[in-house]
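Geometric and topological summary
Chain by chain, the residues:
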Amino acid sequence: MTDKLIDTGMVLLDLDDTGVGRLTLNRPEAANGMSVPFLRALYDALMRCHREPELRVLVLRGAGPNFCAGGDIKDFASKGEALPDYLREATSWLQICVTALMRLNAPVVAAVHGYAAGGGGFGLVCAADLVVAAESAKFLPGATRAGMAPDAGVSVTLPRLVGLRRAMELVLTNPTLSAARAQEIGLVTTVVPDDELDAAAAKLAAILADGAPLALAESKRLLWDGVGRSVESALPDEARTVAALSGTADAREGLAAVIERRRPVFTGK
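Conventions adopted
Residues numbered from 1 in each chain as written. Predicted model: local features only at pLDDT ≥ 70, side-chain atom pairs only at ≥ 80, totals over all residues. Heavy atoms only, no water. Helix = DSSP H or I, 4+ residues; strand = E, 2+ residues; numbered from the N terminus. Rg over C-alpha atoms; globule rule 2.2 N^0.38 Å. Buried < 20%, exposed > 50% of the residue type's maximum accessible area, 1.4 Å probe, protein only. Contact = heavy atoms within 4.5 Å. Areas by Shrake-Rupley, 256 points an atom, 1.4 Å probe, with all protein chains shown as cover. Lys, Arg positive; Asp, Glu negative; His and termini not counted. Charge placed at Lys NZ, Arg CZ, Asp CG, Glu CD. Pairing = 2+ DSSP bridges. Core = buried A, V, L, I, M, F, W, Y, C linked by side-chain atoms within 4.5 Å. Axes fitted to C-alpha atoms, helices over the stretch in contact; angles between N-to-C directions. Parallel < 35°, antiparallel > 145°, perpendicular 65-115°, else oblique. Left-handed = near helix turned anticlockwise from the far one by under 90°. Nonpolar A, V, L, I, M, F, W, Y, C, P; charged D, E, K, R; others polar. Salt bridge = Lys/Arg side-chain N within 4 Å of Asp/Glu carboxyl O. 1 Å grid on protein atoms, 1.4 Å probe; cavity = no way out; pocket = protein on both sides within 12 Å on 5 of 7 lines; lining within 4 Å. Points joined across faces, edges and corners; volume = space filled by probe spheres on them.

A look at the overall build of the protein
A count of helices and strands for the protein gives ten helices and ten strands. On C-alpha atoms alone, the protein measures out to a radius of gyration of 18 Å, which is about the 18 Å that the 2.2 N^0.38 rule sets for 269 residues. Along the first, second and third principal axes, the C-alpha atoms of the protein reach 55 × 35 × 35 Å. Across the 269 residues in the protein, those meeting the buried criterion constitute 51%. Nonlocal contacts in the protein, meaning residues at least 24 apart in sequence, comprise 72% of its contacts between residues at least 6 apart. Element-wise, carbon and sulfur atoms account for 54% of the exposed surface of the protein, whose accessible area totals about 12,300 Å². Averaging the locations of the 28 positively and 32 negatively charged side chains of the protein gives two centres separated by 5 Å.

Structure, rendered in structure tokens:
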């Protein structure tokens, strides 16, 4: 039996009788791109998870063709000169969502298909405890491509996952990683055929749900504490940097280039 805790809106949440929760990013028409209303809905769903004593493991997934394409670029571009203020609010909500994932007692399994890009998609992958990816999934940091900088704690989590040199390469050059390559460098836990993604995530969730909840929660806390204090201290600096960059001509050019599907021409202004 499955209880629909949140059954409408931009983020859905259900919980079955084994303690497996499923949180679904539900803006498929926008590739689950993150706007302020979307991030507020994600925060509400995560806080509901924190209040659920029966939750043993959380599976994070995206509706539609993609896991999450990052920030809602069209929404960002529509803000014009007000974008820095808007992104200050957006990054604040994203920060507390990332922290809520890392601090959730239940292990978090990200089930990734399509694109996981930007602070939204790529950042959530870095903040998950375990990652199951479909063979066709793609991973893209994306921030500097749009004249921005990493957020969602990626400036700390990514180097810890893949090493400093590899993180520099990923952030500064923005390659699109295949699922196989993402697993090879340590970003992804396991890769499965596309049509087996849901089953593989469910199997892993069942194993975790059958474990000792207190031991898993404390083990997760200890591991994130090795990284988490640094992540949380980095979040305000990330937010300030992203907001400041969003007011530049290069950021406006980067957003326009993504929307128009062309190479950006940056001028350093």
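Digging into the pairing of strand β2 (residues 11–16)
Here β2 lies mainly inside the structure; five of its six residues are buried. For strand β1 (residues 2–6) and β2, the ladder comprises four bridges, and the chain directions are antiparallel. Of the residues in β2, the one forming a bridge with T2 is D16. Linkage of β1 to β2, two consecutive antiparallel strands, is achieved through a turn of four residues, within which G9 is found at a positive phi near 105°.

Side note on the nonpolar core
If you look at the biggest cluster of nonpolar residues, it comprises 71 residues, and the most contacted ones within it are L23, L58, F67, V112, F139, L158 and L187. Take this core: its biggest share by element is eleven residues, from helix α3 (residues 83–103). In this structure, L158 is in contact with F122, C126, G163, A167, L170, V171 and L187, ignoring residues within four places of it in sequence. Grouped together as the second largest cluster of nonpolar side chains are 14 residues, V59, A111, L197 and A200 included.

Concerning the packing of helix α4 (residues 118–127) against helix α5 (residues 154–162)
At a minimum axis distance of 9 Å, the contact between α4 and α5 shows a crossing angle of 55°. Between α4 and α5, the angle is such that the two are oblique. Between α4 and α5 lies a crossing of left-handed hand. Along its contact with α4, which presents F122, G123 and C126, the element α5 presents V154, T157, L158 and L161. Taken together, the residues of the contact of α4 with α5 break down into five nonpolar, two polar and no charged.

A closer look at the sheet that holds strand β9 (residues 177–178)
Pairing is mixed in the open sheet, where three strands are placed in the order β6-β8-β9. Lying at the two open borders of the sheet, with one neighbouring strand each, are β6 (115–117) and β9. The sheet strands contacting α4 are β6 and β8 (138–140), and the helix crosses β6 at an angle near 100°.

Quick notes on the pattern of salt bridges
In this structure the tally under the stated criterion is 16 salt bridges. When the shortest N-O distance is used, the salt bridge between R103 and D225 registers 2.8 Å. Residue R103 is found in helix α3, and its partner D225 is found in helix α9 (residues 213–246); the two are separated by 122 residues along the sequence. Under the relative-accessibility criterion, R103 is labelled partly exposed at 28%. Residue classification places D225 among the buried positions, given a relative accessible area of 16%. Between E169 and R166 there is a salt bridge whose closest N-O contact spans 2.8 Å.

Focus on the layout of surface pockets
One number sums up the size of the largest pocket: a volume of about 990 Å³. Lining the largest pocket are 38 residues, and of these A69, G70, G71, I73 and V258 lie nearest its centre. For the lining of the largest pocket, the secondary structure elements donating two or more residues are α2 (73–77), α3, β6, α4 and α10 (249–260). Looking at the lining of the largest pocket residue by residue, the classes come out as 22 nonpolar, nine polar and seven charged. By volume, the second largest pocket amounts to about 410 Å³. Taken together, 21 residues line the second largest pocket, and the ones lying closest to its centre are A128, D129, L130, L223 and W224. Elements with a minimum of two residues in the lining of the second largest pocket: α4, β7 (130–134), α5 and α9.

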